[in-house]
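One letter stands for each residue in the lines below.
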Amino acid sequence: MDVLLTVVVPVYGVEGYLHQCLDSIRAGLTPEENASVEVIAVDDASPDTCGAMLDAYAARHGGLRVLHLSDNVGLGPARNAGLAEARGRYVWFVDSDDLLPAGSVRAVLDRLRATEPDVLLIDHLRMHDDGRLQTDASSVLLDGAPDLSRLIGLQHTAWNRILRREFLDKHDLRFPAGWYEDVPFSNPVLIAAEHLDVLNRVCYHYRIGRAGAITATRSDRHFEAFGQWDRFYAWLDGAGAAPALRVRVFTLMISHLLVVAGNENRMHPSRRRAFFREIAALYRRHRPAGYLPPAGAAGLKHRLVAANSYTLYAALRAGYRVAGLRRRGTQRTPAVSRDIPSPPQRVKTTSIP
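None of these values were measured; they are calculated from a predicted model.

Asks: When you look at the nonpolar core in this model, what are you seeing that I'm missing?
Replies: The biggest cluster of nonpolar side chains holds 61 residues, and the ones touching the most others in it are Phe93, Val119, Leu168, Leu257, Phe275 and Ile279. Among the elements that take part in this core, helix 10 (residues 243-262) stands out by supplying nine residues, more than any other. Core analysis: the next-biggest nonpolar cluster, separate from the first, contains 37 residues, Val105, Leu120, Ile122 and Trp159 among them.

The following block contains the structure:
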């Protein structure tokens, strides 16, 4: 049987989560379904026991191909290494500290066979180490009639989109090195796709707050986001994107960078001013003609970036933080968010032909 789907799992420093991730990929699949799926794990010169764990897992369970890289290359190039070995018509990049809820692979296989898209988008839940699950703010964008200008607002990650391999080759779409490697990859795959499809079903659990994860690490490497957005804009210029789309992605870019700037887990307070200055410079480089900031509080922050006014931004941020702490002090957080539906979940599918 031809391989329909290759799942590429880059692995680095996740020995406490690795088995759960690998087990979740093939859980509940029939022999026929298993034959149409291959799993490639890429050991990115992990400094812990992950490499040995992968070899033992492959020997014990089968159905796993292991690539051992001699040097640590980072998440993007590790994904590229797995992609180069893929035999499936489609590829799904799954991070090794995350997992797939029951039935996800079967639902994806069925949808790929039914519609044969260039890109299949899926929904996800945010997963805390204490077991709490949360919907993502961008998940509502999967509802309704498909529209690129709306779908481009989805969280720009590799794991919430399943991609036709020939489509990636045709457009020479690969991950760059460095942090925030998803930016110049996940956005172009949506824009370049002739056939976007949406499987509005939770098919992924994204672990947040893990020690060692990029999103929970204070580092100057977060400044690499600016180079990644510049790479994306170079691609966007070559693609001749429509003015309305350029406005949309510009708004998303500034909002994304402001999230990074304001995140205590990523940005050391002593570096926040410099990061804000870089946002302002990027704003000047890529601001579309006639651009107007969004309304509300988000728009106020955009205007402060446009004015390069870090002092007012810092004061506004401090006020929001005080108000947020007061709200949290009067609220109790449930163990599982109330807006998470109980299984089985209804499957809703829409597509852009």
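Asks: How do you make sense of the packing of helix 8 (residues 183-192) against helix 9 (residues 224-239) when you look at a structure like this?
Replies: Helix-helix packing is described using two parameters, namely the angle between the two axes and the distance between the axes. Where helix 8 meets helix 9, the closest approach of the two axes is 8 Å, and the angle between their N-to-C directions is 25 degrees. Taken as axis vectors, helix 8 and helix 9 run roughly parallel relative to one another. As helix 8 runs across helix 9, the sense of the crossing is right-handed. From helix 8, Val183, Pro184, Asn187, Pro188, Ile191 and Ala192 reach across to helix 9, where they touch Gln228, Trp229, Arg231, Phe232, Trp235 and Leu236. Tallied by class, residues from the contact of helix 8 with helix 9 come to nine nonpolar, two polar and one charged.

Asks: Where do I start with unusual backbone geometry in this structure?
Replies: Residues other than glycine predominantly adopt negative phi, and peptide bonds predominantly adopt the trans conformation. Even without being a glycine, Ala45 presents a positive backbone phi close to 50 degrees. Its place among the elements puts Ala45 in the loop between strand 2 (37-43) and helix 3 (50-61). By relative accessible area, Ala45 is classed as partly exposed at 26%. Although it is not a glycine, Tyr180 sits at a positive phi angle of roughly 60 degrees. Residue Tyr180 is classed as buried on the basis of its relative accessible area, which comes to 11%.

Asks: Is there a simple way to think about the pattern of salt bridges in this case?
Replies: Close approach of charged atoms allows side chains with opposite charge to pair. Applying the stated criterion across every chain, the model contains 22 salt bridges. Measuring nitrogen to oxygen at the nearest pair gives 3.0 Å for the salt bridge that ties Glu38 to Arg87. Linking Glu38 in strand 2 with Arg87 in the loop between helix 4 (75-85) and strand 4 (90-93), this pair joins segments that are 49 residues apart in sequence. The class for Arg87 is exposed, based on a relative accessible area of 51%. The shortest N-O distance in the salt bridge between Arg317 and Glu264 comes to 2.7 Å. With Arg317 in helix 13 (residues 310-329) and Glu264 in the loop between helix 10 and helix 11 (269-286), this residue pair connects regions lying 53 residues apart in the sequence. We classify Arg317 as buried; its relative accessible area is 14%. Given a relative accessible area of 25%, Glu264 falls into the partly exposed group. Each of Glu38, Arg65, Glu85 and Arg87 takes part in a single network of salt bridges with overlapping partners.

Asks: So what exactly am I meant to see when it comes to the pairing of strand 3 (residues 65-68) here?
Replies: Side-chain positions along a regular strand alternate between the two faces of the sheet. Where strand 2 meets strand 3, four bridges bridge the pair, whose relative direction is parallel. Within strand 3, the position partnered with Ile40 by the bridge is Arg65. Between the parallel pair strand 2 and strand 3, the chain is carried across by helix 3, and the sense of this crossover is right-handed.

What counts and how
Residues numbered from 1 in each chain as written. Predicted model: local features only at pLDDT ≥ 70, side-chain atom pairs only at ≥ 80, totals over all residues. Heavy atoms only, no water. Core = buried A, V, L, I, M, F, W, Y, C linked by side-chain atoms within 4.5 Å. Buried < 20%, exposed > 50% of the residue type's maximum accessible area, 1.4 Å probe, protein only. Helix = DSSP H or I, 4+ residues; strand = E, 2+ residues; numbered from the N terminus. Axes fitted to C-alpha atoms, helices over the stretch in contact; angles between N-to-C directions. Parallel < 35°, antiparallel > 145°, perpendicular 65-115°, else oblique. Left-handed = near helix turned anticlockwise from the far one by under 90°. Contact = heavy atoms within 4.5 Å. Nonpolar A, V, L, I, M, F, W, Y, C, P; charged D, E, K, R; others polar. Salt bridge = Lys/Arg side-chain N within 4 Å of Asp/Glu carboxyl O. Pairing = 2+ DSSP bridges. Right-handed = clockwise from strand over helix to strand, strands pointing away.

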